[in-house]
Amino acid sequence: MLLDATLRTILRESRTIAVIGAKDKPGQPVDMVGRYLIEAGYDVRPVHPVRRTVWGMQAYPTIGDVPIDVDIVNVFRAPEHCPAHAVEVLALPRLPRLFWMQSGITSPEAGRMLFERGVAVVEDLCLMVEHRRLMAGGLL
């Protein structure tokens with residue numbers, strides 16, 4: 001588990017967050033978290049294999065299709081999909097600082113792969129909740 005000070009630094013210094021499994025379906029956790037991150041000042045890039053837009057923004061079929069470097073990858077997919085997403089992330093030209101698996105999502109296999117390449121990993125926590133806690137509700 002990363003120390004709060006380390007997470008706070010990563011959250012403060014990061015600007016771009018890719019949300020894998022992004023959906024703008026009201027009432028769903030992914031929608032609430034995505035909207036929160038946008039309001040917090042992050043450049044959010046939705047990733048979804050079928051949707052063309054999410055939150056009024058262009059969605060990308062895979063993390064590899066996002067045309068800019070990403071600082072944080074926030075995953076809203078079932079645990080069995082996380083190793084494949086870790087492989088996709090490790091193929092990026094610039095690795096993100098943090099791979100965040102939302103509440104209820106853990107993948108020791110994905111975590112190991114990413115950690116071995118220097119990517120910090122968070123499992124089974126909500127990025128919105130932790131951002132509020134660590135940043136005292138502060139926006140960027």
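Every chain begins its residue count from 1, and numbering advances along the sequence as written. Two thresholds apply to this predicted model, a pLDDT of at least 70 for residue-level local features and 80 or more for giving and counting side-chain atom pairs, whereas whole-chain, interface and lining totals are computed over all residues. The side-chain quantities take in all heavy atoms of the structure and omit both hydrogens and water.

The name given to the protein in an unreviewed UniProt entry is CoA-binding protein, with Nitratidesulfovibrio oxamicus as the source organism.

## Comments concerning the state of the cysteines
In this description, a disulfide is simply a cysteine sulfur pair whose atoms lie within 2.5 Å. In the structure shown here, the tally under the stated rule is zero disulfides. In this structure Cys82 is a free cysteine whose sulfur lies 15 Å from that of Cys126, the closest cysteine sulfur available.

## Some words on the UniProt feature "domain: CoA-binding" (unreviewed entry) in the protein
Mapped onto this numbering, the UniProt entry annotates "domain: CoA-binding" (unreviewed entry) at residues 10-105. The numbering of helices and of strands both runs from the N terminus, where a helix is a DSSP run of H or I of at least 4 residues and a strand a run of E of at least 2. Across residues 10-105, helical content stands at 25% and strand content at 23%; the span's end C-alpha atoms are separated by 20 Å. UniProt positions are given in the numbering used here, feature names are shortened, and annotations may be inferred rather than shown by experiment.

## Points about the sheet that holds strand 6 (residues 98-101)
Following DSSP output, two strands are said to pair if at least two bridges run between them. Strand order in this open sheet of five strands is 2-1-5-6-7, and the pairing throughout is parallel. If you trace the sheet from one side to the other, it starts and ends with strand 2 (43-47) and strand 7 (120-122), each paired once. Neighbouring strand axes in the sheet, compared pairwise and without regard to direction, differ in orientation by 20° on average. With five bridges connecting them, strand 1 (residues 16-20) and strand 2 associate as parallel partners. Of the residues in strand 2, the one forming a bridge with Ile17 is Val44. Contact definition: two residues touch when any of their heavy atoms are within 4.5 Å. Lines fitted to the C-alpha atoms define the axes, with helices restricted to the stretch that makes contact. Angles between their N-to-C directions range from 0 to 180 degrees. Along the sheet, helix 3 (residues 82-90) makes contact with strand 1, strand 5 (72-75) and strand 6, crossing strand 6 at roughly 165°.

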